[in-house]
Each structure stands twice: as structure tokens, then as C-alpha cells.
Amino acid sequence: MARAFWVAEPGRGEIRTATVPTPGPGDVLVRTLRSGVSRGTETLVFEGRVPASQYAAMRAPFQEGELPGPVKYGYLNVGLVEQGPDALVGRTVFCLYPHQTAYVVPAGAVTVVPDGVPAARAVLAGTVETAVNALWDARPLLGDRVAVVGAGMVGCCVARLLAGIPGVEVTLVDVDSSRAATAAALRLGFAAIEDAPHDVDLVVHTSGTSVGLQTSLDLLAPDGEVLELSWYGDRPVSVELGGAFHSRRLAVRASQVGEVAAARRGRRTHAQRLALALDLLRDPAFDVLLTGESRFDELPDVMSGLADGSLSALCQSIIYPDGDEQE
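Description of the structure in this document. Per-chain numbering applies: the sequence of each chain, read as written, is numbered from 1 onward. In keeping with the predicted nature of the model, local features appear solely for residues at pLDDT of at least 70, side-chain atom pairs appear and are counted solely at 80 or more, and the whole-chain, interface and lining totals rest on all residues. The basis for the side-chain values is all heavy atoms of the structure; hydrogens and waters are excluded.

It is worth spelling out the pattern of salt bridges at this point. Basic side-chain nitrogens of Lys or Arg form a salt bridge, by our definition, when they fall within 4 Å of a carboxyl oxygen of Asp or Glu. Applying the stated criterion to the full structure yields 18 salt bridges. Among the ionic pairs, E14 bridges to R12, the shortest N-O distance being 3.1 Å. The partly exposed category is assigned to E14, whose relative accessible area is 23%. Burial classification: accessible surface area is computed with a 1.4 Å probe over protein chains only, and a residue below 20% of its type maximum counts as buried, one above 50% as exposed, and the rest as partly exposed. Looking at R12, the relative accessible area reads 39%, which means it is partly exposed. Close ionic contact of E64 with K72 constitutes a salt bridge, the shortest N to O distance being 2.8 Å. A residue is classified by how much of its surface remains accessible, and E64, at 37% relative accessible area, is partly exposed. Residue classification places K72 among the buried positions, given a relative accessible area of 1%.

So, in C-alpha cells, the structure goes:
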């Protein structure tokens, strides 16, 4: 038996028991060490704010139940393989599995966490994978001036990867001045909205707000593009398209991690993209994003706090029984 977090109904979570099947010849039994809350998507799911038209598109790989609930939802899970192929037993792995203390999945559904990447940091793999896909979509050029609007979990990962491209000048832009310290730890420039650089070549938007999207458009140079990573759920979005949008020939394009970016779709698989993300997490600078920790049993209250804003962690990590001792 195991325990799992479920959204019982919009706005209310609970811990339920789960039956873990006996692993088959091609399966692995994983005991979870850590999981992470993907704040933007998971709080929309928790609040029941996924449009009915997107229920199928937003289905998580190992989801149980159906939106808007009851539903077991999540996809940032790091655990230890206790049974399975010899090459995997005893290895720490990442899996797109919900918040559950133990589970069985096909061996091909887990990715080995590289040496040098602690389990605590590995929960960021799904977010860094989103950032990798965004850069494949954006295709920044040497010497570009780039703004990332929204210094949350996704925005910080995108900015960190962008800064590794020679000659690219990256500025994190956010309404929260406390994120300046996070930007400094990631060795990035930071600006409040009123001080953000203008005439940039590319803006990556991750704030999930109309104000952020409008700011992104306002910062662009002529012929520039906003790469939109935000997902708004059922929230309406308003921007001004009657001003300089047409005369400056601006563009807004969506990037979403469910599919490999078109620029690499024929040459990279989902598994290769995730393996790359985990390899990039050898960079210890990403630890600055791990700003909140909670025990598994606290998850119902944690999700409520993340949804109503009383918890403000960039990445809320969930620690499982004996997880600290096994990392």
C-alpha cells in the first residue's frame, strides 16, 4: 500500500491510500524521495480552473481520476528504484508521476538522475525541460538582448539557460523586487517593470498575467517576438493591439512542453529532452529556486497555501518519509 495526494474537489485536497501493483518483468517499483509542485499548472488544477476543452490536453502522464476532480495530478517525482532491472535497482530516478509515496511504472518511464545531481535539485527536471523546449522554440541568436518577464520557477530556469549562450544579455523582469536576490544568485540582471530595458530582440513571458504580457510587448524592438510560456487556465487575457503592435510588426508565439519544439521535433525525443534537462541540473546555481519544503502529509494545506498566495515559494519541495536519509 502507498499514500497519494488527490484533489478531492476544486479547492480541497486529501491524502488517500493507493494499492501498488506487483511489478511485472519490464516494470520498476519506485519509492518516492521528493516531489515538486509545479505551481502554475498545479494550482490551476487544484482550484478547478482548467477549461473543460483542455481536460484531455492537460492530462498528466500517470493521472488518475478526471478533471476537475477527484483527480490525482502531478509530474515532478524523484525516487529510488527498489525493484526492477538490475541496471536500475538502487538508482535515483525522475518520473512524471503524481505525489505518491511509492508506485510501479514501466522501466522506460523513469530517467536516471546523473551523478552530481542531488534528489532535491532533480525535482526541477520538468521545469528545466520546459525551459529547454522554450529555447528550442525561441532560437536566440548570439548577441541578442533578451528579457524574461516573470521571475518565477519557469522564468528563472529559462533565464539561466539563456545566460549560458555567449554574448546573450539577459534581464529578469518582475514586479516583486525581492526576486533581485534570486537573479543575482543566478548571475542575471534584474529590473522592475518601470526600469526594464526596451528595444530587446526577444521576450520570454512567464508571469501568467495580462500586465506581464503587455509589458513583454512594450519591451520589444521592431519585428521582435514574445515567446509565451504562461498558461492562464480559464482566466481572460487583455492586451493592447491597437497601438504599436501592428506598426512595429510584433509577434506573440506560444511554447508548450507537451510536444517537442518544432525546431527539434524530428531529431529529439521527449526522453532525450528530459535527459538533457537532468544533465543541465549539474549546475548548483539552480538550488536557489528550492525555497520551500514541506512534509508529504502537509500537502493538502500546502496546496491551499500556494493557491491563495499565503505560501510564496518558487519551488515547493515535498519530502517523503525517510527521504532525507536516502538522498
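Within the secondary structure, A109 is located in the loop between strand 8 (102-106) and strand 9 (110-112). As a C-alpha pair, A109 and L96 span 13 residues in sequence and 7.7 Å in three-dimensional space. If near-sequence neighbours (up to four positions away) are discounted, A109 is found in contact with F62, F94 and C95. Helix and strand assignments come from DSSP, with helices taken as H or I runs of at least 4 residues and strands as E runs of at least 2, each series counted from the N terminus. Whether two residues are in contact is decided by their heavy atoms, any of which lying within 4.5 Å being enough.

It is worth spelling out the sheet that holds strand 11 (residues 169-173) at this point. A pair of strands is labelled paired if DSSP reports no fewer than 2 bridges between them. Strand order in this open sheet of 6 strands is 12-11-10-13-14-15, and the pairing throughout is parallel. With partners counted over all chains shown, the strands left at the sheet margins are strand 12 (189-191) and strand 15 (251-254), one partner each. Mean inter-strand twist for the sheet, computed between neighbouring axes without regard to direction, equals 25°. Pairing analysis gives 3 bridges linking strand 11 to strand 12, with the strands arranged parallel. From the neighbouring strand, T171 faces strand 12, where its bridge partner is G189. Fitted lines through C-alpha atoms serve as axes, helices being fitted only where they are in contact, and the angles separating the N-to-C directions of these axes extend from 0 to 180 degrees. Contacts from helix 3 (residues 125-138) reach strand 13 (200-205), strand 14 (220-228) and strand 15, with the element oriented near 145° to strand 14. Helix-sheet contacts for helix 4 (residues 153-163) involve strand 10 (145-149), strand 11 and strand 13, and the interaxial angle to strand 11 is about 165°.

Read these as spatial facts, not as claims about activity.
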